[in-house]
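# Overview (structure and organization)
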Amino acid sequence: MTTIYRWIRTRPVAAHLLILFFLWLLFFWRYFLPAADGVVFPDGDFTQQFFIFRSVAYQQFASGHFPLWTDCFFGGYPFHADPQSQLFYPPVWINFGILKLLGYSHFPLIALTIEAISHYLAISFFSYFFLREECGNRTGALIGSVVLAYGGYLTGYPPLQTGNLETATWMPLLLLTLRHFALTGSSRSAVATVAIYALAFFAGHPQTFLLITYLSIGYYCFRARNAGRGWIWILRWLLTIFALVTLIVAVQLLPQAQFLSLSTRTHLPFDQLAHGFAPQDIVQFVLTRLGSTELWQPLYVGILGLTLICIAISLRKDATTRFWLAAGLIALLISFGGNVALYQLAHWMMPFFRLFRGQERAAMLVAMAAATLVSLAVDALTGQMLNNQ
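Residues numbered from 1 in each chain as written. Predicted model: local features only at pLDDT ≥ 70, side-chain atom pairs only at ≥ 80, totals over all residues. Heavy atoms only, no water.

## Some points on the overall build of the protein chain
Note the following rule: Starting at the N terminus, helices and strands are each numbered in turn, a helix being any DSSP run of H or I of at least four residues and a strand any DSSP run of E of at least two. Here the globule rule is a power law, 2.2 Å times the number of residues to the power 0.38, and the radius of gyration is based on C-alpha atoms. To sort residues, take the accessible area from a 1.4 Å probe on protein chains only and compare it with the maximum for the residue type: under 20% means buried, over 50% means exposed, and anything in between is partly exposed. The contact criterion used is simple: two residues touch if any of their non-hydrogen atoms lie within 4.5 Å. Accessible surface area values rest on a Shrake-Rupley calculation with a 1.4 Å probe, where residue burial reflects the displayed protein chains alone. In this tally, Asp and Glu contribute negative charge and Lys and Arg positive charge; neither His nor the terminal groups of the chain are included. Every charge is mapped to an atom, namely NZ of Lys, CZ of Arg, CG of Asp or CD of Glu.
From N to C terminus, the protein chain includes 16 helices and 0 strands. Taking 389 residues into account, the globule formula puts the C-alpha radius of gyration at 21 Å, and the protein chain, at 21 Å, falls close to it. Sorting the 389 residues of the protein chain into buried and exposed places 51% on the buried side. Of the contacts made within the protein chain by residues no fewer than 6 positions apart, 72% connect residues no fewer than 24 positions apart. Of the roughly 18,400 Å² that the protein chain leaves accessible, carbon and sulfur atoms contribute 67%. Charge separation in the protein chain, taken as the distance between the mean sites of 22 positive and 15 negative side-chain charges, equals 15 Å.

This is the structure in structure tokens:
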């Protein structure tokens, strides 16, 4: 026990990552069991869309073809133009490569399951590293990463739509690289930022990518201004980063833009686009199975999480707390869709915002803000305990 304690004291980051790994195993271990004893994701988009997409792509890949087109949908289908095919997303091709080496001639459902649940481990690690920098407290980062990875949003429907889950996975790592770049201006951080933006785009959920982009731009401007950067520097690098991202993702972006322009979803009426949470869904912060959703409680952080958020607001008066509180509140109001006036302002003023329905997905940003505020609260509480000793 003394050796283990000494190892934890000398390697706290490694110990925390090990804790996150075991929490991940504890949460998902039954997915690795045989069918008779294990559990699987519910039937729906996971099996009827994303599993079919992976199967189509893998069969063409295994036969030596790049799956740009498929004849098995309708009279033919521009497979690469559909963003949810995730055709250019590197983890998908890593998955394909492993299956090919193992001799698989078809794409098994367990491969998609492992791909999905592995992103939970990834986002828990990414959020830990970001929150450690943001709040300056390793314990706070550990607790905040658990709140994000296993809170109401990510454990709801996102794993059933792998594009949604896998796009959201890159959010905390993107915030981390933007933080480093805003503070240091290093070219390495800029390159990493461009690469992570591209990965998030290729992950295949345009609405989630757009929401992440809104948050990341706001966070970058906030951090850069706090570091004393001028607006000319901020805008010059912002344009440079997005120009490079556009060049990298053009192979997916151009056919996707044409594909979406021909989709009926680009012509949905305002009332369908404005659908969001009902006002009573606010109770999801502390309660489940109440409100208008039965199986999905994307706002849930629990009584302890909400208490810590209130502590962060009351104990910390710094700019970081104010930013994340504002980000969370704005995202929450947008998630109510047409039930609040702010959505109408966003609909007409925010670029590309009017292309998407399902405003409840803004809860992802609420979850990120909540996790950060929880981390800040833990830092404030531990700081006060040390001061009282």
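## Observations regarding the pattern of salt bridges
Counted only if it meets this: Salt bridge, as used here, is a side-chain nitrogen of Lys or Arg placed within 4 Å of a carboxyl oxygen of Asp or Glu.
In total, this model carries 6 salt bridges according to the counting rule given. A salt bridge links E115 to R54, with the shortest nitrogen-to-oxygen separation between them at 2.6 Å. Taken together, the residues E115 in helix α5 (residues 109-135) and R54 in helix α3 (residues 45-62) connect sequence positions 61 residues apart. We classify R54 as buried; its relative accessible area is 1%. For E134, the salt bridge identified is with R223, shortest N-O distance 3.2 Å. Here R223 lies in helix α10 (residues 206-226) and E134 lies in helix α5, a separation of 89 residues in the sequence. Here E134 matches R223 in class, with each residue buried. Look at the salt bridges and you will find they share partners, linking R54, E115 and E166 into a network.

## Description of unusual backbone geometry
Unusually for a residue other than glycine, Q86 sits at a positive phi of about 50°. If you trace the backbone, Q86 turns up in the loop between α3 and α4 (90-101). Even without glycine at this site, F352 takes up a positive phi of about 70°. Within the secondary structure, F352 is located in the loop between α15 (341-349) and α16 (363-388). According to the relative accessible area criterion, F352 is exposed, its value standing at 58%.

## A look at the nonpolar core
To keep things clear, this is the line we draw: By nonpolar core we mean a set of buried residues, namely Ala, Val, Leu, Ile, Met, Phe, Trp, Tyr and Cys, connected to one another through side-chain atoms within 4.5 Å.
In this structure, L215, Y220, W324 and M368 are the most contacted members of the largest nonpolar core, which totals 115 residues. Ranked by the residues each element gives to this core, the list is headed by α16, at 14 residues. Setting aside anything within four residues of it in sequence, one finds L215 in contact with M171, L175, F323, W324, A327, L365 and M368.

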